[in-house]
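Per-entry structural report
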Amino acid sequence: MSKISYIEHERPVLSADLRGTEGHESVAGEVSVHKLENGLCLCASFTGLPASQYLPFHIHEGTSCENAGGHLLELPDIMSDRNGEAYAHYYFDRQNLSEISEHSIMLHVRKNGEEPAIACGVLKKVL
């Protein structure tokens, strides 16, 4: 069984519902973090995105979308498809749950040399 198929059958330890920011209300996303034997896997899915774009994706230092702070963990960009959907899986072997739990996670768009957030959520423990 591959890591991805294993993850899809395991209960996540952290999750976040990402909601679109002002002007991007159609954006919605789900993020789950799964504990593996030697690390973590973050799985993300989004809808309502700008079509066919690379979108910066970060876990932030802050614990809310209103006070996100700087980047705690820069993730590889997500590529949206022509329908404005995106799916990604990231494997980490150097971060632990306590480092990212209760932190904000944001998806950005590149616009005029800046990266405004288009969706935000907070990684919460799954009970």
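Please refer to the structure placed before this passage.
Presented here is a report on the structure given in the accompanying data block. (Residues numbered from 1 in each chain as written. Predicted model: local features only at pLDDT ≥ 70, side-chain atom pairs only at ≥ 80, totals over all residues. Heavy atoms only, no water.)

**Concerning the pairing of strand 7 (residues 104–108)**
Counted residue by residue, strand 7 has five buried out of five residues, so it is predominantly covered. Of the two faces of strand 7, both are covered, the one formed by Ser104, Met106 and His108 as well as the one formed by Ile105 and Leu107. Note: strand 4 (residues 54–60) against strand 7, three bridges, orientation antiparallel. When the sheet's bridge partners are listed, Phe57 is paired in strand 7 with Leu107. (Buried < 20%, exposed > 50% of the residue type's maximum accessible area, 1.4 Å probe, protein only. Helix = DSSP H or I, 4+ residues; strand = E, 2+ residues; numbered from the N terminus. Pairing = 2+ DSSP bridges.)

**Structural notes on the state of the cysteines**
Tallied over the entire structure, the rule returns one disulfide. Paired through a disulfide, Cys65 and Cys120 show a sulfur-sulfur distance of 2.0 Å. Every disulfide takes its handedness from the sign of the S-S torsion; for Cys65 and Cys120 that torsion is -95°, giving left-handed. Here Cys65, found in the loop between strand 4 and strand 5 (71–79), pairs with Cys120, found in strand 8 (residues 117–122); they are 55 residues apart in sequence, far enough to count as distant. Its relative accessible area of 7% is what places Cys120 among the buried residues. Cysteine Cys41 remains unbridged, with the sulfur of Cys43 as its closest cysteine sulfur at 4.0 Å. (Disulfide = S-S within 2.5 Å.)

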